[in-house]
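Structural description and commentary
This is what each chain is made of:
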Amino acid sequence: MGNSLKAILAFVPSNKCQKYLLEDLEEMPVDKMVDLSGRQMRRLPLHICSFRGLVKLYLSDNNLNHLPPELEQLQNLQILALDFNNFKALPLVVCTLRQLCILYLGNNKLCSLPLELRLLQNLKTLWIESNCLQYLPEVVCELSLLKTLHAGSNALRTLPAQLQCLQELRTIWLSGNLLSEFPPVLLDMPFLEVIDVDRNSIQFFPSLAHLPGLKLVIYDHNPCRNAPKVAKGVRRVGRWSEETPEPRKRSGAVIDITLDEKPLLPPAAKTEPE
């Protein structure tokens, strides 16, 4: 079926058209996963909401800007991918899915996140990159089990002090923002393993040698006058680091590193809950 025809049928509410859009997906798949990515959908087929045992739902790369209230029926959902859509606000029905572990919201038009997000207390991975966030919503600091936060390519200028409450946080990606100084709150988070502040406007880096959990810091493409000091064994990526002993412009090549916790670098594919 061509993508243009799928896009047209997505507007037609009849059961016949909806089932055609789902390509005869009559029952919940054995693997409890539905992937409707890249189908130019403007509305979610309601038939999906009848799969109450569904664990993974991928709706990436569509034209969605809202979700039906019936989505609340998917109380077993652990992974929800809404990236590369047209959401200007996170639908509140998402916040009713209490078992969510991984939520992908990147590449939308979000300027904020609702306070109801705090209800997702099982959330371990949150991707909110490439949105319109001028500040990191403080509600993120209430997600006590959060381990990975990807907030790159927004317009962040600072981070809230409450972020240090996230004692399970191990990886934070902040590349491509408007940080003019290294976020002070990160200096009080000794449990962090990966810090990425690539492509910001940071001119000076404080010492990070006191962070015992740190394994990798990426600080390239900043107008910095110094490299951050780190403890022995910590890998640095940026000017004057081990990889570039003399100041020069880096190529921006992808770095292949393996740590105990995953993902280390933002992966191309979606990850599974641990």
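Residues numbered from 1 in each chain as written. Predicted model: local features only at pLDDT ≥ 70, side-chain atom pairs only at ≥ 80, totals over all residues. Heavy atoms only, no water.

**Here we look at the sheet that holds strand E8 (residues 194-196)**
Sheets are built from strands paired through backbone hydrogen bonds, the pairs being either parallel or antiparallel. Rule in force here: What makes two strands pair is DSSP finding at least two bridges between them. Starting at the N terminus, helices and strands are each numbered in turn, a helix being any DSSP run of H or I of at least four residues and a strand any DSSP run of E of at least two. Every angle, taken between N-to-C directions, lies between 0 and 180 degrees, and every axis is a line fitted to C-alpha atoms, over only the stretch in contact when it is a helix.
The strand order E1-E2-E3-E4-E5-E6-E7-E8-E9-E10 describes an open sheet built from ten strands, whose pairing is parallel. Across the chains shown, the open sheet's two edge strands, defined by having one partner strand only, are strand E1 (33-35) and strand E10 (235-237). Ignoring strand direction, the axes of neighbouring strands in this sheet form an average angle of 5°.

**Describing the pattern of salt bridges**
Selection rule: Counted as salt bridges are all cases of a side-chain nitrogen of Lys or Arg within 4 Å of a carboxyl oxygen of Asp or Glu.
Scanning all chains against the criterion turns up two salt bridges. Arg 199 serves as the salt-bridge partner of Asp 198, at 3.7 Å between the closest nitrogen and oxygen.

**A short note on unusual backbone geometry**
The condition is simple: For every residue, the accessible area obtained with a 1.4 Å probe (protein chains only) is divided by the maximum for its type, and the residue is called buried under 20%, exposed over 50%, and partly exposed between those limits.
The phi dihedral of Gln 40 falls on the positive side, at around 60°, and the residue is not glycine. With a phi close to 55°, Ser 130 is a non-glycine residue in the positive phi region. Assignment of secondary structure puts Ser 130 in the loop between strand E5 (125-127) and strand E6 (148-150). Residue class for Ser 130 comes out partly exposed when judged on its relative accessible area of 23%.

**What to know about the side chain of Asp 198**
Note the threshold: In this analysis, two residues are considered to be in contact whenever any of their non-hydrogen atoms come within 4.5 Å of each other.
Its location among the elements puts Asp 198 in the loop between E8 and strand E9 (216-218). If near-sequence neighbours (up to four positions away) are discounted, Asp 198 is found in contact with Leu 174, Ser 175, Gly 176, Ile 218, Tyr 219, Asp 220, His 221 and Asn 222.

**Focus on the state of the cysteines**
This is how it is decided: What counts as a disulfide here is a pair of cysteine sulfur atoms lying within 2.5 Å.
Evaluation of the coordinates by the stated rule reveals zero disulfides. Cys 111 takes part in no disulfide bond, and the closest cysteine sulfur, belonging to Cys 132, lies 4.7 Å away. Among the cysteines around Cys 165, which has no disulfide bond, Cys 141 carries the closest sulfur, lying 7.0 Å off.

**Thoughts on the packing of aromatic side chains**
The criterion, for reference: Think of it this way: a Phe, Tyr or Trp ring, Trp meaning its six-membered ring, pairs with another when their centres are within 6.5 Å, and the plane angle makes it stacked under 30 degrees, edge-to-face over 60, tilted otherwise.
Counted by the stated rule, this structure contains three aromatic pairs. Plain terms: the ring middles of Phe 205 and Tyr 219 are 5.3 Å apart, the flat faces sit at 65° to each other, and that makes the pair edge-to-face. Taken together, the residues span a long stretch of sequence, with Phe 205 in the loop between E8 and E9 and Tyr 219 in the loop between E9 and E10 at a distance of 14 residues. With a relative accessible area of 2%, Phe 205 lands in the buried category. Its relative accessible area of 0% is what places Tyr 219 among the buried residues. Aromatic rings pair up to connect Phe 182, Phe 205 and Tyr 219 into one cluster.

**As for the environment of Glu 129**
Structurally, Glu 129 is set in the loop between E5 and E6. Judged by its relative accessible area of 9%, Glu 129 falls in the buried class. Distance from Glu 129 to Leu 149, taken between C-alpha atoms, is 9.1 Å for residues 20 residues apart in sequence.

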